[in-house]
Amino acid sequence: WMLVRGLASAMVTLGWSFLILALVIYAFGILGVELVHADIETWESIPVSQDDRPCLARDGRSCTEVIIEDHFGNLPITLLTLLQITTLDSWSAIVRPLVEVRP
């Protein structure tokens, strides 16, 4: 029974850790929507091709606008993007093009 009690105690700690992580991601998600997406008109556009990477621009929008819309378009998408960055899941594909425009 000591093992079961130890696992239950660890689950409580993990639950609180996930709650705090969710609150931090939510707070930064709101900031991401407000600071990145709301300021979309002032971003310089990424050239059509950088380092032989194809540009995914569509509908006459620049690559920067497409990246911002796809990853910071609204709060749920921004939360998913921040979770992806937190877990280091292809985070450079999101961050690198934006950092090249605004270092």
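Going by the structure above, here's the rest.
Read on for a plain summary of the structure. (Residues numbered from 1 in each chain as written. Predicted model: local features only at pLDDT ≥ 70, side-chain atom pairs only at ≥ 80, totals over all residues. Heavy atoms only, no water.)

Structural notes on unusual backbone geometry
Only a minority of non-glycine residues have a phi that is not negative, and only a minority of peptide bonds are not trans.
Thinking step 1. Positive phi values are uncommon outside glycine, yet Leu88 reaches one of about 60 degrees.
Thinking step 2. On the secondary structure map, Leu88 appears in the loop between helix H3 (75–86) and helix H4 (91–101).
Thinking step 3. Leu88 sits in the exposed class, given a relative accessible area of 59%.
Thinking step 4. Despite not being glycine, Ser90 has its phi angle at roughly 55 degrees, a positive value.
Thinking step 5. Looking at the element boundaries, Ser90 is found in the loop between H3 and H4.
Thinking step 6. Accessibility expressed as a relative area gives 46% for Ser90, which makes it partly exposed. (Helix = DSSP H or I, 4+ residues; strand = E, 2+ residues; numbered from the N terminus. Buried < 20%, exposed > 50% of the residue type's maximum accessible area, 1.4 Å probe, protein only.)

Some words on the packing of helix H2 (residues 63–72) against H4
Thinking step 1. Two elements in contact, H2 and H4, have axes separated by 11 Å at closest approach and are oriented at 135 degrees. Considered as vectors, H2 and H4 are oriented oblique to each other. Of the two elements, H2 crosses H4, and the hand of that crossing is left-handed. The segment H2 lies against H4, with Thr64, Ile67, Ile68, His71 and Phe72 engaging Ile94, Pro97, Leu98 and Val101.
Thinking step 2. Here the residues of the contact of H2 with H4 are counted per class, giving seven nonpolar, two polar and no charged. (Axes fitted to C-alpha atoms, helices over the stretch in contact; angles between N-to-C directions. Parallel < 35°, antiparallel > 145°, perpendicular 65-115°, else oblique. Left-handed = near helix turned anticlockwise from the far one by under 90°. Contact = heavy atoms within 4.5 Å. Nonpolar A, V, L, I, M, F, W, Y, C, P; charged D, E, K, R; others polar.)

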